[in-house]
Amino acid sequence: MNQKTFTSASDIQEIFDCIAPEYDRLNDRLSLGQHRIWKAMTVKWSNPNLGDTALDVCCGSGDLAFMLAQKVGISGKVVGLDFSSRQLAIAVHKQERRSQQLPLEWIEGDALALPFGNNYFDCATMGYGLRNVTNIPLSLQELHRVLKPGAKAAILDFHRPEQAYIRAFQQWYLDNIVVPTAREFKMMEQYAYLAPSLAKFPQGKEQVRLAFEVGFKQANHYPLIGGMMGVLVLSK
Ligand SMILES: C[S@@+](CC[C@H](N)C(=O)[O-])C[C@H]1O[C@@H](n2cnc3c(N)ncnc32)[C@H](O)[C@@H]1O
């Protein structure tokens, strides 16, 4: 059987549109709920304050945007941006189900051409988005452009561990837990894309180098759970 390769932006958009209805449930199941902790850490590292204008790029179904909204409060504003209309529809639905009023706005747009002026946001997050964009330097450049001087961004994603045995565990987990679980949800083809996308994703040090290249003043990559995940923390 020919394995479909997902390389273009429209392929990536199609994957995330297709998995939207099951995306949250799969995330909880595949990470045993841990993704919520990593996302909370990411939000903290982006340094949101009451009244801030915050951005969540590649927001998907909106987990990080909801967490940012709690931090900036009703006097602030959070924009969740994604190019998958079906992921955004789930985010809107989640917002409608909450009784609490939240300062959220959802925008269908491209992380590689952010529809905002320069120096607009006080902080930003990106969860599992950088690995999926088709041009990582351009995505970092756009993020840098829309942040105010001194603002922080925190970018959470998978990472390949340095240590061979943790790396072997990660590969085993992808092959034996992620793909079969995705098969159960009838989304095997979409999740088979995860391993190749990770294989070509720059390691932490390289992410830091790319961030400096587009003009960030500070850049640090913090490995999580033995380096299987990581957060790139940036200051403009
Ligand atoms: C793995 S999901 C992450 C969703 C969410 N941030 C989370 O952590 O659960 C990656 C998201 O990136 C979005 N995405 C990928 N490339 C994009 C681009 N160029 N512009 C906007 N969104 C993009 C996809 O549509 C998808 O919703």
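Conventions and cut-offs
Residues numbered from 1 in each chain as written. Predicted model: local features only at pLDDT ≥ 70, side-chain atom pairs only at ≥ 80, totals over all residues. pLDDT = per-residue confidence, 0-100. Contact = placed C-beta atoms within 7 Å. Buried ≥ 20, exposed ≤ 12 C-beta atoms within 10 Å, placed from the backbone. Helix = DSSP H or I, 4+ residues; strand = E, 2+ residues; numbered from the N terminus. Axes fitted to C-alpha atoms, helices over the stretch in contact; angles between N-to-C directions. Parallel < 35°, antiparallel > 145°, perpendicular 65-115°, else oblique. Left-handed = near helix turned anticlockwise from the far one by under 90°. Nonpolar A, V, L, I, M, F, W, Y, C, P; charged D, E, K, R; others polar. Pairing = 2+ DSSP bridges. Core = buried A, V, L, I, M, F, W, Y, C linked by C-beta atoms within 7 Å.

**Q** Talk me through the confidence of the model for the chain; I want residue IDs and the actual numbers.
**A** For the chain, mean pLDDT is 92; residues scoring 70 or higher make up 96% of the total. Low confidence marks residues 1-5, where pLDDT is under 50. Its contacts with residues over four positions away, or in another chain, come to 2 contacts.

**Q** Break down helix H3 (residues 63-72) for me, with residues and values.
**A** Here H3 lies mainly inside the structure; 8 of its 10 residues are buried. Of the residues making up H3, those classed as buried are Asp-63, Leu-64, Ala-65, Phe-66, Met-67, Leu-68, Ala-69 and Val-72. The inward-facing, buried residues of H3 abut helix H2 (35-45), strand E1 (53-57), strand E2 (77-82), helix H4 (85-97), strand E3 (104-108) and strand E4 (121-127). Phi for Gly-73, located one or two positions after H3, is positive at around 70°.

**Q** I'd like a rundown of the packing of H2 against H3, residues and numbers included.
**A** Contact pair H2 / H3: the axes reach a minimum separation of 10 Å and the direction vectors enclose 50°. As summarised for this structure, H2 and H3 are arranged oblique, according to the angle between their axes. Read as a crossing pair, H2 and H3 show a hand that is right-handed. Note on element contacts: H3 touches H2 through Asp-63, Leu-64, Met-67, Leu-68 and Lys-71, opposite Lys-39, Ala-40, Thr-42 and Val-43. The class makeup of the residues in the contact of H2 with H3 is 5 nonpolar, 1 polar and 3 charged.

**Q** Residues and numbers for the pairing of strand E6 (residues 218-224), please.
**A** Relative to strand E7 (residues 229-235), E6 runs antiparallel, the two being bridged by 7 bridges. Residue pairing for E7: His-221 is matched across the bridge by Leu-232. Hairpin connection of E6 to E7: 4 residues between the antiparallel strands, including Ile-225 at a positive phi of 35°.

**Q** So what about the environment of Ala-89? Which residues, and what values?
**A** Relative to the elements of secondary structure, Ala-89 occurs in helix H4. Residues Ala-89 and Gly-60, spaced 29 residues apart in sequence, show a C-alpha to C-alpha distance of 9.3 Å.

**Q** Before we move on, could you go through the nonpolar core and cite the residues and values that matter?
**A** Among the nonpolar cores identified, the biggest contains 48 residues, and Val-57, Ala-65, Leu-68 and Ala-124 are the most heavily contacted of them. Tallying contributions element by element places H3 first for this core, with 7 residues. Leave out the neighbours within four places in its chain, and Ala-65 touches Asp-56, Cys-59, Val-78, Gly-80, Ala-91 and Leu-104.

**Q** Give me the lowdown on unusual backbone geometry, citing residues and values where you can.
**A** We note that Leu-32 has phi near 55°; this positive angle belongs to a residue other than glycine. Topologically, Leu-32 is positioned in the loop between helix H1 (9-31) and H2. Look at Leu-32 and you get exposed, because 7 C-beta atoms sit within 10 Å. A positive phi angle is found at Asn-119, which is not glycine, with a value near 55°. Counting through the fold element by element, Asn-119 comes out in the loop between E3 and E4.

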